[in-house]
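# Inside the fold
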Amino acid sequence: MGRKRWLPLVLIWLGVIWLVQMGVAQAGGHHGVWIIGKRVDLGVLCAGEVVQTAVTVVNLSVRGLEMEALPSCGCTVPEEPRSALGAFGWKRVAVRVDTAGLGAGVHGKVLRLSFRRGGESWQEDVLLRFTVRKSMSPFEGVKR
């Protein structure tokens, strides 16, 4: 293919990337960061159960940034609390949720993502919702 045939395709893709970046910046507080999975429903969990989930952070800026994942309590623990994202980079933030010690009922836990780019810093919250049910004995519900 000649050079003239590639130029329109490159320009179209640059335009698409720019439009996506502008759309996310408008929806995400003008910081150029997109969080996929900002609200996670883990469903019904047994007491004492440990589950793994993840959210994906996409940096749509031409400048890199630093990210820190801060849990709201000891039952919500990110695997890698600090990391860096390069320009147009993405990172999957794995989070372990442990229901040991939580009472039965509906729970909402927050994972706060703290970002820093140059002199600018901001925070975004990820909400993890789940319901804890009492753990059942192996013979509960069995007719004699």
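Starting from 1, residues in each chain are numbered consecutively following that chain's sequence as written. Restriction of local features to residues with pLDDT of at least 70 applies here, the model being predicted, together with a cutoff of 80 or more for giving and counting side-chain atom pairs; totals for whole chains, interfaces and linings are based on all residues. Values shown for side chains rest on all heavy atoms present in the structure; no hydrogens or waters enter the calculation.

## A closer look at the overall build of the protein chain
Assigned secondary structure in the protein chain consists of 1 helix and 9 strands. Across the 144 residues that make up the protein chain, the buried fraction comes to 34%. Residue contacts follow a heavy-atom distance rule, with two residues in contact if any of their heavy atoms lie within 4.5 Å. Residue pairs at least 24 apart in sequence account for 66% of intrachain contacts in the protein chain once pairs closer than 6 positions are excluded. All accessible-area figures derive from a Shrake-Rupley calculation using a 1.4 Å probe, and residue coverage is judged against the displayed protein chains alone. Approximately 9500 Å² of the protein chain is accessible, and the part contributed by carbon and sulfur atoms is 58%. Only DSSP runs of H or I covering at least 4 residues are called helices, and only runs of E covering at least 2 are called strands; the numbering of each starts at the N terminus. Buried residues are those whose accessible area, probed at 1.4 Å on protein chains only, stays under 20% of the maximum for their type, while exposed residues exceed 50% and partly exposed ones sit between those limits.

## Quick notes on the pattern of salt bridges
One speaks of a salt bridge when a side-chain nitrogen belonging to Lys or Arg is within 4 Å of a carboxyl oxygen belonging to Asp or Glu. Summed over the entire model, instances satisfying the criterion amount to 5 salt bridges. For the salt bridge of glutamate 66 with arginine 116, the shortest nitrogen-to-oxygen distance reads 2.4 Å. Of this pair, glutamate 66 sits in strand 4 (residues 65–71) while arginine 116 sits in strand 8 (residues 105–117), and the two are 50 residues apart along the sequence. Of the residues examined, glutamate 66 reaches a relative accessible area of 41% and is grouped as partly exposed. Across the salt bridge formed by arginine 82 and glutamate 68, the nearest N and O atoms sit 3.3 Å from each other. Remark: glutamate 68 occurs in strand 4 and arginine 82 occurs in strand 6 (residues 82–85); sequence separation between them is 14 residues. The class for glutamate 68 is partly exposed, based on a relative accessible area of 25%.

## Side note on the nonpolar core
Among the nonpolar cores identified, the biggest contains 25 residues, and Val57, Met67, Val93, Leu113 and Phe115 are the most heavily contacted of them. Listing elements by their share of this core, those giving two or more residues are strand 1 (33–36), strand 2 (39–46), strand 3 (50–59), strand 4, strand 7 (90–98), strand 8 and strand 9 (120–133). Of the residues forming this core, the biggest block, 5 residues, is contributed by strand 9. Look past the residues within four positions of methionine 67 in its chain and what remains in contact with it is Val57, Pro81, Arg82, Ser83, Leu85, Lys91, Val93, Leu113, Ser114 and Phe115. What we call a nonpolar core is a set of buried Ala, Val, Leu, Ile, Met, Phe, Trp, Tyr and Cys residues that are connected through their side-chain atoms within 4.5 Å.

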